[in-house]
Amino acid sequence: MTHDARSALLHSALDAAQRGWHVFPLRPGTKRPALHGEQACTGTDGCANGHLKWEQRATTDPDRIQAAWSRAPFNVGIATGPSGLVVVDLDIPKDKSSSDAPSGAATFGALCQRAGDAVPDTYRTRTASGGEHLYFTAPDRVRLANTAGTIGELVDTRAWGGYVVAAGSLTPTGAYEALRSPLVAPLPAWLQSILEPAPRAPQAPPMALAGQSRRYADVALTSETRNIASAQPGAREAALFRVARALGRFVAWGDLPRSVVEQALQEAGEAAGLSASECRSTLRSALNWSIAHNQSRRDAA
């Protein structure tokens, strides 16, 4: 790699740090962290008090960045959590021979339209594979984690515990390139409501009888159904998704029949102004996810 290319990568790291984004080196030409793993940790180089992972070692310190990138032409990783970012990763279908499969960008655009919003004008990058990364400022007082497929097919997010490859980084399949607006928009409210952890539904004490548990489930169903009706326009589908995830655990535990939950939430969603098809698709995906992730009670001994 030429000196100019190495210098460009250093400037990419410094530019990201000037925005307040915490960066760390990736192996040259790849998306893999260049920092040592826990098994190879010698207790030095910043790890004197214990091994530090890439998220902990990511920095905005220009001196540390200069020192790191002077050693090799590292690509640039941005630790999204410490940087106060939520990045939406819009991928493209892996099977390019299938013209019917929608891209992540098309799916995200449709979701924005259904929420009553335009696709946000925010800082974004084109990835080496031809997808896009949309950058948003993370909400205050909410710690969001990474998601994969929660929003839609080929639409993932990176927040705490995740990182993205910064513009200017190079791989054998192409470069990461900054596009459009230099400003980072706040995370849309409708998207935040989908990404927020599902609220803990009321639960019976650990030794509660099955009848008591079912009564808790009935109370939760009534309470959460009201939350859909009180949701603001533009956020009702997200509210329906969140409520279905919260109630799906009762379906998984056998406290509520799925048909009862689906009927109650379908009626609540339609009464709030959502179409029947919107309700059905939202309920199906949210309940499937919740049931799959709540096969055992959290309060089991």
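Overview of the structure.

### Re the environment of Glu270
Inference 1: Along the polypeptide, Glu270 turns up in helix H8 (residues 258–271).
Inference 2: C-alpha of Glu270 to C-alpha of Ala229: the two residues are 41 residues apart in sequence and 9.5 Å apart in space.
Inference 3: Other than its neighbours up to four places away in sequence, Glu270 contacts Ser275, Ala276 and Cys279.

### Brief notes about the side chain of Thr30
Inference 1: Relative to the elements of secondary structure, Thr30 occurs in the loop between strand S1 (22–26) and helix H2 (54–57).
Inference 2: Once residues lying within four places of it in the same chain are set aside, the contact partners of Thr30 are Asn75 and Leu170.

### Observations regarding unusual backbone geometry
Inference 1: Here the phi dihedral of Arg141 falls at roughly 60°; this positive angle occurs in a residue that is not glycine.
Inference 2: Within the fold, Arg141 resides in the loop between strand S5 (132–137) and strand S6 (147–152).

### What about the side chain of Glu237?
Inference 1: Tracing the sequence through the fold places Glu237 in helix H7 (residues 236–252).
Inference 2: Separated by 2.3 Å, the side chains of Glu237 and Arg114 make a polar contact.
Inference 3: Apart from residues lying up to four places away in sequence, Glu237 is in contact with Arg114, Leu274, Glu278 and Thr282.

### Considering the pattern of salt bridges
Inference 1: What the rule picks out here adds up to six salt bridges.
Inference 2: Close ionic contact of Arg114 with Glu278 constitutes a salt bridge, the shortest N to O distance being 4.0 Å. A residue pair is termed long-range when its members are at least 10 positions apart, and Arg114 in helix H4 (residues 104–114) and Glu278 in helix H9 (residues 276–293) qualify at 164 residues.
Inference 3: Assessed through its relative accessible area of 36%, Arg114 is described here as partly exposed.
Inference 4: Using a relative accessible area of 18% as the deciding quantity, one classes Glu278 as buried.
Inference 5: In this structure, the salt-bridge partner of Glu262 is Arg258, at a minimum N-O distance of 3.0 Å. Remark: Arg258 and Glu262 occur in helix H8; sequence separation between them is four residues, near one turn of the helix.
Inference 6: Relative accessible area serves as the criterion here: at 25%, Arg258 is assigned to the partly exposed category.
Inference 7: Salt bridges sharing partners connect three or more residues here, namely Arg114, Glu237 and Glu278.

Reading the values: the criteria
- Residues numbered from 1 in each chain as written.
- Predicted model: local features only at pLDDT ≥ 70, side-chain atom pairs only at ≥ 80, totals over all residues.
- Heavy atoms only, no water.
- Helix = DSSP H or I, 4+ residues; strand = E, 2+ residues; numbered from the N terminus.
- Contact = heavy atoms within 4.5 Å.
- Polar contact = N/O pair within 3.5 Å; in protein donor to acceptor, adjacent residues only side chain to side chain.
- Salt bridge = Lys/Arg side-chain N within 4 Å of Asp/Glu carboxyl O.
- Buried < 20%, exposed > 50% of the residue type's maximum accessible area, 1.4 Å probe, protein only.

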